[in-house]
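Observations on the model geometry
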Amino acid sequence: MSRDLSVRPASKSALDSVASMLRRAGLLADDVRTAPAQFFVAAVDGEPVGVSGVELHGNAALLRSVAVVADARGSGYGRALTAAAADHAAERDAETLYLLTETAPGYFESLGFRRCTRDDAPATIRETTEFAELCPESAVCMRAPTATVLEAARDGGRTD
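Residues numbered from 1 in each chain as written. Predicted model: local features only at pLDDT ≥ 70, side-chain atom pairs only at ≥ 80, totals over all residues. Heavy atoms only, no water.

Considering the sheet that holds strand β3 (residues 47-57)
The following threshold applies: Two strands are said to pair when DSSP picks up at least two bridges between them. Put simply, DSSP H or I for four residues or longer makes a helix, DSSP E for two residues or longer makes a strand, and each gets a number counted from the N terminus. All axes are obtained by fitting lines to C-alpha atoms, using only the stretch in contact for helices, and the reported angles, taken between N-to-C directions, cover 0 to 180 degrees. Note on definitions: a residue-residue contact is assigned when non-hydrogen atoms from the two residues lie within 4.5 Å.
Spatially, the seven strands line up as an open sheet ordered β1-β2-β3-β4-β5-β7-β6, and their pairing is mixed. Edge positions in the sheet fall to β1 (5-9) and β6 (114-116), since each has one partner strand and no second. Sheet twist, expressed as the mean angle between neighbouring strand axes with direction ignored, is 30°. In terms of strand pairing, β6 meets strand β7 (residues 140-145) through three bridges, oriented antiparallel. From the neighbouring strand, Arg114 faces β7, where its bridge partner is Arg143. Here helix α2 (residues 77-91) sits on the sheet and contacts β1, β2 (37-44), β3, β4 (60-68) and β5 (96-101); the angle it forms with β3, its principal contact strand, is near 30°.

Notes on the pattern of salt bridges
The line we're drawing: Here, a salt bridge means any Lys or Arg side-chain nitrogen found within 4 Å of an Asp or Glu carboxyl oxygen. Each residue is assigned to one of three classes by its accessible area relative to the maximum for its type, calculated with a 1.4 Å probe on protein chains only: buried under 20%, partly exposed between the two thresholds, exposed over 50%.
One pass over the structure, following the stated rule, counts eight salt bridges. Where Arg92 meets Glu91, a salt bridge forms, and the shortest distance between an N and an O atom there is 3.3 Å. On the basis of relative accessibility, which here comes to 41%, the residue Arg92 falls in the partly exposed class. Because the salt bridges share partners, they merge into one network encompassing Asp31, Glu55, Arg64 and Glu130.

Everything listed here is a matter of geometry and, on its own, says nothing about what the molecule does.
The following block contains the structure:
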């Protein structure tokens, strides 16, 4: 990972850029401006290389929209973005993270997530726009303790 990497919360004025990056990665971006999410932007030498987001819902949170530009993948930026989102959730007492993915279950398993059914998610998560409207039923639902994800993301994606 570059030592010039910065991961910062996205300002409201940066949300259009967040949505654009998500769309280029083939991810959902229709509700970026309206979702009750905190988004994060990773940049190397001032150039955006990735985004992530997290929605807080009581003691549960929805990890969403982790994306890294194609030519920067494999550099640890996704882990840094996941750590930023998990840290944000942990600081606000979210004990469990949930997510939906169509393309990266193996990646998220390396960070401590395990597959579950959508019905296993609490109602506050199931009622989010991402769960209820945007993600297809074919998306894999996953969950993990927030502390596990944070530790794995900071430790290079190893869960023992």
